[in-house]
Every structure is written in C-alpha cells, then in structure tokens.
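Results of the structural survey
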Amino acid sequence: MKNLQYPLEFKFKVTTLASDFTITDKNGQMQAYVRSKIFKLKDDVQVFDSDAKNQVLYTIKANKWIDFNASYAITDPTTNTEIGKVARKGLRSFWRATYNILDNRGENLFTITEENPWVKMWDSFVGELPLIGMFTGYFLNPAYIVKDQNGQIIFRLKKTPSLLGRRFVLDRLVDIPDDQESLCTLSLMMMVLLERARG
C-alpha cells in the first residue's frame, strides 16, 4: 500500500455477515478490501488487493481472544514477517478510544486517539431513544487522530454522515516514510473494525 492518493474512503458493506469494507482513493480507485473472519475466537482480519479477494496483502491477528488489552499483529504474508502491531489501551479506551502503533521491534511510534469522546457518549445515549436514535449517524460522527511521539497530528479519520454509519474518510496531514504510512493505515483499519463493533 504505497503512493496512496488521499483522502481514502472506508466504506462498509451491509450485505455480508462479516465486517467487510472497501478502501478507495480520491479518484475512486480501489486500494484494498478488508475482511474480518467471522466465527473466530480471536480477531482475524485479511486485507486483499481488491474485492475479488485474489491476493492477500496483509493479515492482522489478535494475540488473545479477550480484547480488553489485546494487541494485533500486522503481517506481510508473502514474506511471513511482522511489520508492526496496534495495541488497545484497555482502561484508557473506556472513555476515549486509545491505541498504540508499534513497529516490529515493539517501539511505540504513533498513538491513535478519539478526537472528542463526548460524541461517542451522546451517540450511545441518543441512539437508545425511539425514532430519534435511528438518525444519530447523520449528526453524531466520531473522529480519530494519529499523533507521533512529538504530538504532531499525522492522520485524521472521520465517520461521515450516513444512516447506517458505514463510511469513514481518512486524510493524511503530514508526509511520513512509506513503511510508517502503511503501518498507520493498517492500524486504522483494525481500529475502525473494533470501534464500530463497540458501537
């Protein structure tokens, strides 16, 4: 996943049991197809080159079946090498979604955080109201930011207004090396699957 043309759109499919979504660039060209395997005790995600699912570009697998403090190894299957991990910060994530992005040596490079945790709280509250709750996807849309170790914002991922909450847009704000860009993008793919499952 190199030379990506931002913004990227993550669009979830509503016609499958699995949490599948496509990733397209600003020109509408498909860059990846992400599939979370169903009926697995541990999260197991495959990133394909297209929706034809001919070639697996990356796999993302949880280290444990209870995801309270799980980490997710991101692997290149062609070389069977781990390129890094994304790890949820357990207690901290109850209020504000927080994840660390680590390289293949376990060094923390970036942090993903929810930009405004009040949006999720109001979404949970209003979502329980009859009729009104059906339309929270139009006005309560969380955003997530990726910061480096100096606190500089590198990426911003935002859910866009929609009835089913199935579209997210990813913008890169700062240019970084290709390997780190791929690691961040893949980590955000895993994060959005986890956060969407949490509601």
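Residues numbered from 1 in each chain as written. Predicted model: local features only at pLDDT ≥ 70, side-chain atom pairs only at ≥ 80, totals over all residues. Heavy atoms only, no water.

**Section: unusual backbone geometry**
The amide bond that connects Tyr 6 to the next residue, Pro 7, takes the cis arrangement and shows omega of 0°. Along the chain, Pro 7 turns up in the segment before strand 1 (8-12). Of note in the backbone geometry, Lys 53 takes a positive phi value of approximately 55° without being a glycine. As for its placement among the helices and strands, Lys 53 is situated in the loop between strand 4 (44-48) and strand 5 (56-62). (Helix = DSSP H or I, 4+ residues; strand = E, 2+ residues; numbered from the N terminus.)

**Topic: the environment of Ala 87**
Counting through the fold element by element, Ala 87 comes out in strand 7 (residues 81-88). The exposure class assigned to Ala 87 is buried, which follows from its relative accessible area of 15%. Remark: the alpha-carbon pair of Ala 87 and Ile 101, spanning 14 residues in sequence, is separated by 6.6 Å. Setting aside anything within four residues of it in sequence, one finds Ala 87 in contact with Ala 70, Ser 71, Thr 98, Tyr 99, Asn 100 and Leu 102. (Buried < 20%, exposed > 50% of the residue type's maximum accessible area, 1.4 Å probe, protein only. Contact = heavy atoms within 4.5 Å.)

**Notes on the layout of surface pockets**
Rolled over the atoms, a probe as big as a water molecule pinpoints where empty space is left. Estimated volume of the second largest pocket: approximately 310 Å³. As for the second largest pocket, its lining consists of 14 residues, and the residues nearest its centre are Ile 83, Asp 179, Gln 180, Ser 182 and Leu 183. Counting residues per element, the lining of the second largest pocket draws most heavily on helix 3 (residues 178-198), at 5 residues. When its residues are assigned to classes, the lining of the second largest pocket shows 5 nonpolar, 3 polar and 6 charged. (1 Å grid on protein atoms, 1.4 Å probe; cavity = no way out; pocket = protein on both sides within 12 Å on 5 of 7 lines; lining within 4 Å. Points joined across faces, edges and corners; volume = space filled by probe spheres on them. Nonpolar A, V, L, I, M, F, W, Y, C, P; charged D, E, K, R; others polar.)

**Focus: the environment of Gln 29**
Its place among the elements puts Gln 29 in the loop between strand 2 (21-24) and strand 3 (30-36). Ignoring anything within four residues of it in the chain, the contact list for Gln 29 reads Ile 23 and Thr 24.

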